[in-house]
Amino acid sequence: MDTSYPREDPGAPTPRKADGSAHTALALGAPRPPPRDHLIWSVFSTLYLNLCCLGFLALAYSIKARDQKVAGDLEAARRLGSKAKCYNILATMWALVPPLLLLVLVVTGALHLSRLAKGSAAFFSTKFDDADYD
């Protein structure tokens, strides 16, 4: 059973205008943007932020997305581009979060040590009388 729309007989003649030319109908929808492959971001993730090989995975999916885009399979290109974007985000987070966390720990440790040093300085600057030693 044919459930495609519109139901037309393929052998039926096409309607003609009065001048003899055929009508052309195009279904226009909202144009979708072309799929993104995030190739440049993947290259930078591979070269600079390659922890746990996430940048390399992102590069592989970016290349696959670009190949599918060139082949004309836009839906597969969108899917692969989305995976490349996810791996790029993970690689970026793996590269940025540990140094930021280390920086926070160093700063809080330095603040704690400065408070300890301030308390110690007060102890060592105490003046004792000679009578205290007897």
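Source: prediction; values computed, not measured. The residue count restarts for each chain, going from 1 along the sequence in the order it is written. Per-residue local features are limited, in this predicted model, to residues with pLDDT of at least 70; the limit for side-chain atom pairs, both in listing and counting, is 80 or more; totals at the level of whole chains, interfaces and linings are taken over all residues. To get the side-chain values, take all heavy atoms of the structure and skip hydrogens and water.

## Some points on unusual backbone geometry
Leaving glycine out, the prevailing phi sign among residues is negative, and the prevailing peptide bond configuration is trans.
Then step 1. Positive phi outside glycine occurs at His-38, with the angle close to 55 degrees.
Then step 2. For the purposes of this entry, the term helix denotes a DSSP run of H or I that reaches at least four residues, the term strand denotes a run of E that reaches at least two, and both are numbered from the N terminus. Note on placement: His-38 falls in the segment before helix H1 (39–48).
Then step 3. Residue His-38 is classed as buried on the basis of its relative accessible area of 15%.
Then step 4. Located in the positive-phi region is Cys-53, a residue other than glycine, with phi close to 60 degrees.
Then step 5. Structurally, Cys-53 can be placed in the loop between H1 and helix H2 (54–71).
Then step 6. Each residue is assigned to one of three classes by its accessible area relative to the maximum for its type, calculated with a 1.4 Å probe on protein chains only: buried under 20%, partly exposed between the two thresholds, exposed over 50%. Using a relative accessible area of 47% as the deciding quantity, one classes Cys-53 as partly exposed.

## Quick notes on the side chain of Arg-78
Then step 1. Within the element layout of this structure, Arg-78 appears in helix H3 (residues 74–124).
Then step 2. All tallies of charge rest on Lys and Arg as positive and Asp and Glu as negative; His and the ends of each chain are not included. Salt bridges are defined by distance alone: a side-chain nitrogen of Lys or Arg within 4 Å of a carboxyl oxygen of Asp or Glu. Buried charge Arg-78 goes without a salt bridge, the closest partner of opposite sign being Glu-75 at 4.2 Å.
Then step 3. The contact criterion used throughout is that any non-hydrogen atoms of two residues lie within 4.5 Å. Setting aside its immediate chain neighbours within four residues, Arg-78 contacts Arg-32, Pro-33 and Pro-35.

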